[in-house]
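# Examining the three-dimensional arrangement
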Amino acid sequence: MYRIALARACYIPGRVTRPHGILNLTRHIAQSAVPGQTSTTPDPSRVKETLEQIIRVDHAGEFGAARIYAGQLAVLRSTKEGPVIQEMADQEIEHQEMFNKLIVEHRVRPTALSPIWNVAGWALGAGSALLGKEAAMAVTVAVETVIGEHYNDQLRSMNDLGMVGPEYAYIRETIKKYRDDELHHLEIGLKHDAEQAPMYSVLSEAVKAG
């Protein structure tokens, strides 16, 4: 099952090459399992630093993703892709609200780049949509690939630090759920002809790098 495979996904360092087709893509993402839980007692200072970094990065990432979908909806809301984009946007807003809560609870300072993401995210979404729904979906695939990899990298880091006890269950389960949501968005983008976008590979790599 697709969802089961995604639940076992782990980040693979280095550049991700694009497999052909949805089935190959999901197999690629789920190639290796997260290592077994360690019994090492986590270092409190490293735990605090890691949690703050995770919350800050994910808060910024979800805000940026929400702005991208807002830009796409400004152009494509009335098209047949509008409801699909709206569904993905609603999930991003849900993610954003959760990290808004966590950033306050854990007293984490948000990234100073939020004002830039506010404008740049919307512009990327609207600009890609103006090129056509295929380009918009290509941006979705690229962005969600990066976010999914970040979430898997964070789970790996928590595991390596021994942050596997019940006190960390909430943040781990939140990351796993949101990762699966993002990779589901990736699948939706592929199903809606992302790979048919003009200069798909160039557009995808530019978004991932940016």
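Relevant structure appears above.
Worth saying up front: this structure is predicted, and the values here are computed from it rather than measured.

On to the pattern of salt bridges, then. According to the stated counting rule, one finds ten salt bridges in the structure shown. Asp-193 serves as the salt-bridge partner of Lys-133, at 2.7 Å between the closest nitrogen and oxygen. Taken together, the residues span a long stretch of sequence, with Lys-133 in helix H6 (residues 133-160) and Asp-193 in the loop between helix H7 (169-191) and helix H8 (200-209) at a distance of 60 residues. Owing to a relative accessible area of 33%, Asp-193 belongs among the partly exposed residues under this scheme. Note that Asp-180 is salt-bridged to Arg-179, the shortest N-O span being 3.1 Å. By relative accessible area, which is 10% here, Asp-180 ends up buried.

Our focus in this paragraph is the nonpolar core. In this structure, Met-158, Met-163, Ile-171 and Ile-175 are the most contacted members of the largest nonpolar core, which totals 25 residues. Sorting the residues of this core by element identifies helix H3 (44-76), helix H4 (82-105), H6 and H7 as the ones contributing at least two each. It is H6 that provides the largest number of residues to this core, a total of seven residues. The residues touching Met-163, leaving out its near neighbours within four places in the chain, are Pro-42, Val-47, Thr-50, Leu-51, Met-158, Tyr-168 and Arg-172. With 20 residues, the next largest nonpolar core counts Leu-73, Met-88, Ile-188 and Ala-194 among its residues.

Moving on, we come to the packing of aromatic side chains. Counting across every chain of the model gives one aromatic pair. Ring centres 5.9 Å apart and planes at 65 degrees place the aromatic pair Phe-99 and Tyr-178 in the edge-to-face group. Here Phe-99 is found in helix H4, whereas its partner Tyr-178 is found in helix H7, with 79 residues between them in sequence. Of the two residues, Phe-99 and Tyr-178, both sit in the buried class.

Criteria and cut-off values
- Residues numbered from 1 in each chain as written.
- Predicted model: local features only at pLDDT ≥ 70, side-chain atom pairs only at ≥ 80, totals over all residues.
- Heavy atoms only, no water.
- Salt bridge = Lys/Arg side-chain N within 4 Å of Asp/Glu carboxyl O.
- Helix = DSSP H or I, 4+ residues; strand = E, 2+ residues; numbered from the N terminus.
- Buried < 20%, exposed > 50% of the residue type's maximum accessible area, 1.4 Å probe, protein only.
- Core = buried A, V, L, I, M, F, W, Y, C linked by side-chain atoms within 4.5 Å.
- Contact = heavy atoms within 4.5 Å.
- Phe/Tyr/Trp six-rings, centres within 6.5 Å; stacked < 30°, edge-to-face > 60°.

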